[in-house]
Amino acid sequence: MLGSELTKILGVELYHHTEAQYSCRLIELNRRGNELEIIRKKEIEAALPKILEGLPKGLPIALVLSGKGVIHKNITSQEAGVDELALFRSTFPSIEVKDFYVQQYISDTNGCLSIARRNVVDELLDRLKRAGLQIYSVSLGGPLAIHVLSQLNSYGDEVVFNGHQFLLTGKQFQSYHFKADLKSKFPIKIGEETIAEELIIAYAAAFQLMLHEKLSMIVANIEGVNAHFERLISNQGWKKRILIFLFGLFALLLVSFGMFSHYNQQNEKLLREVGAQTSSAEQIELLQQQIVKQEKQLKQLNWNGGYNYGYLLNEVGSSMPRQLTLLGVTMNDFKTDQEKLERAPNVKIKGSTDNLTAVNNWIFVLREKPWVKQAKLLKFKEEQDGDQYQFDILINY
């Protein structure tokens, strides 16, 4: 989260009409958690001193300079990606780059280059600074509105408002033009809130500065302003690190105190229990002996796991296919030494059939019974005098 200095931002557009006349459009943008809220809108038409008197003090300002003295040039696909100095010289070959501030916006292979005279911008910024205003970003004209076009209720590939014209292909930027007489044909909304088209640039400036960590800033190369902004972000970063460190240290102290209290209580508990350890060990040994004795008695009683023999016979008989003939069923008939030792509950089935598939299907059916642990074929042989087969099946449960 940004520091408190950037949870409220004033977006200001200064539109230069004539030598002394300006239009000032401002929007105060507030952030609460992940929500942005416009809490102030204002337009002022006056000379610069009058405008400076009406600007709120103490808020970070994202400034846009437009109108007289700001020039825009669209960049072709061949020019996009060239370094700023070479791009300036190829676009404006007859003027010196040292006399101008430059702003460059590039999207894929198209973009827009904007310039304004250094001496004019420096003089204006000096007057703003002497008026007590804190400028953290300066953009030239309307290209920065590309960041908020998706929020507007625009239709088609052309977005027009207050003289600004953006041509898009899908959502990709193609070109930007400014013609003062261009106006939107319908009311413009940001989300559900209607906004005057004259205020969109001011909103875009505040939005860009508020979300600078997630957006590619479209700003002029004004060293003093950009360095001022970088210092702010750096200071905020250190403040966040210090706060995180202090909160972490406090959390460690709480955890340490909690662990000390916990283990101190456990130690006291162990001290109380240590006297009873001997008698507890004797009781455990006695219980183990009783368990062994009771298990032995259960085996001697042929305990079948709690299932009634009648229930088991019914389960076997009801699931047997008609192609099979039942010859015999025995329950827990332990014959071998291993069976007598383990005394695992089981059902042995003897039968005959002339359908081998029916035997396999029955085994699969038996395995699906919830009380059956295992069902398998023990023996399968052909009778000598006929086409019948005898089979033995073992069911463990």
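That block above? That's the structure.
Treat the numbers as computed from the prediction; the structure is a model and nothing was measured.

Conventions and cut-offs
- Residues numbered from 1 in each chain as written.
- Predicted model: local features only at pLDDT ≥ 70, side-chain atom pairs only at ≥ 80, totals over all residues.
- Heavy atoms only, no water.
- Pairing = 2+ DSSP bridges.
- Helix = DSSP H or I, 4+ residues; strand = E, 2+ residues; numbered from the N terminus.
- Axes fitted to C-alpha atoms, helices over the stretch in contact; angles between N-to-C directions.
- Buried < 20%, exposed > 50% of the residue type's maximum accessible area, 1.4 Å probe, protein only.
- Contact = heavy atoms within 4.5 Å.
- 1 Å grid on protein atoms, 1.4 Å probe; cavity = no way out; pocket = protein on both sides within 12 Å on 5 of 7 lines; lining within 4 Å.
- Points joined across faces, edges and corners; volume = space filled by probe spheres on them.
- Nonpolar A, V, L, I, M, F, W, Y, C, P; charged D, E, K, R; others polar.
- Salt bridge = Lys/Arg side-chain N within 4 Å of Asp/Glu carboxyl O.
- Phe/Tyr/Trp six-rings, centres within 6.5 Å; stacked < 30°, edge-to-face > 60°.
- Lys NZ or Arg CZ within 6 Å of the ring centre and 35° of its normal.

**Notes on the sheet that holds strand β9 (residues 158-161)**
Part 1: The sheet built from three strands is open, its strands ordered β9-β10-β11 with antiparallel pairing. A single partner strand is all that each edge strand has here, and the edge strands are β9 and β11 (172-178). Across this sheet, the average inter-strand angle for adjacent strands is 15°, counted without regard to direction.
Part 2: Relative to β11, strand β10 (residues 164-169) runs antiparallel, the two sharing six bridges.

**Focus: unusual backbone geometry**
Part 1: A positive phi angle is found at N162, which is not glycine, with a value near 45°.
Part 2: Position of N162 relative to the elements: it lies in the loop between β9 and β10.

**Quick word on the side chain of N346**
Part 1: By the secondary structure assignment, N346 is in strand β15 (residues 346-353).
Part 2: For N346, a relative accessible area of 4% gives the class buried.
Part 3: Discounting residues that sit within four places of it in the chain, N346 has contacts with T330, M331, N332, D333, F334, L394, I395, N396 and Y397.

**Quick notes on the sheet that holds strand β8 (residues 134-140)**
Part 1: In space, the five strands of this open sheet follow the order β3-β2-β1-β4-β8, with mixed pairing throughout. With one partner strand each, in any of the chains shown, β3 (35-47) and β8 form the two edges of the open sheet. If you compare each strand with its neighbour and ignore which way they point, the axes differ by 20° on average.
Part 2: Strand direction decides the pairing type here: strand β1 (residues 8-16) and strand β2 (residues 21-32), joined by nine bridges, are antiparallel. Bridge pairing links Y15 to S23 in β2.
Part 3: The strands touched by helix α3 (residues 118-130) within the sheet are β1, β2, β4 (60-67) and β8, with β4 carrying the most contacts at an inclination of about 145°.
Part 4: Sheet strands in contact with helix α4 (residues 200-210) are β1, β2, β3, β4 and β8, and its direction is about 40° off that of β2.

**Details of the pairing of strand β16 (residues 374-382)**
Part 1: Note: β16 against strand β17 (residues 389-396), eight bridges, orientation antiparallel. Within β17, the position partnered with L377 by the bridge is I393.
Part 2: What sits between the antiparallel neighbours β16 and β17 is a turn of six residues, in which G386 has the positive phi angle 150°.

**Re the layout of surface pockets**
Part 1: Its boundaries defined by the atoms lining it, the largest pocket holds a volume of some 440 Å³.
Part 2: In terms of lining, the largest pocket is formed by 20 residues, of which the most central are H16, Y22, K68, V120 and L124.
Part 3: Sorting the residues of the lining of the largest pocket by element identifies β1, α1 (48-54), β4, β7 (110-117) and α3 as the ones contributing at least two each.
Part 4: Of the voids in this model, the second largest pocket is the one considered here, and its volume is about 330 Å³.
Part 5: L125, K129, I135, G224 and V225 are the residues nearest the centre of the second largest pocket, which is lined by 14 residues in total.
Part 6: Contributions of two or more residues to the lining of the second largest pocket are made by α3, β8 and α5 (223-273).
Part 7: Its residues assigned to classes, the lining of the second largest pocket shows six nonpolar, four polar and four charged.

**Quick notes on the pattern of salt bridges**
Part 1: The full count for this structure, using the stated rule, is 10 salt bridges.
Part 2: One salt bridge connects E28 with R40, and the closest N-O pair in it is separated by 2.6 Å. With a gap of 12 residues between them, E28 in strand β2 and R40 in strand β3 connect regions that are remote in the sequence.
Part 3: Given a relative accessible area of 5%, E28 falls into the buried group.
Part 4: We classify R40 as partly exposed; its relative accessible area is 35%.
Part 5: Residue D99 pairs with K98 through a salt bridge whose shortest N-O separation is 3.4 Å.
Part 6: Overall, the relative accessible area of 30% leaves D99 in the partly exposed class.
Part 7: One network of salt bridges, in which partners are shared, links K350, K379 and D392.

**Some details on the packing of aromatic side chains**
Part 1: One pass over the structure, following the stated rule, counts 10 aromatic pairs.
Part 2: Ring geometry for F88 versus F92: centroids 5.5 Å apart, planes at 45°, classification tilted.
Part 3: Classification of F88 as buried rests on a relative accessible area of 0%.
Part 4: Here the aromatic cluster, defined as three or more aromatic residues joined through ring pairs, consists of F88, F92 and F100.
Part 5: Against the face of F364 rests R367, its NZ or CZ located 5.5 Å from the ring centre.

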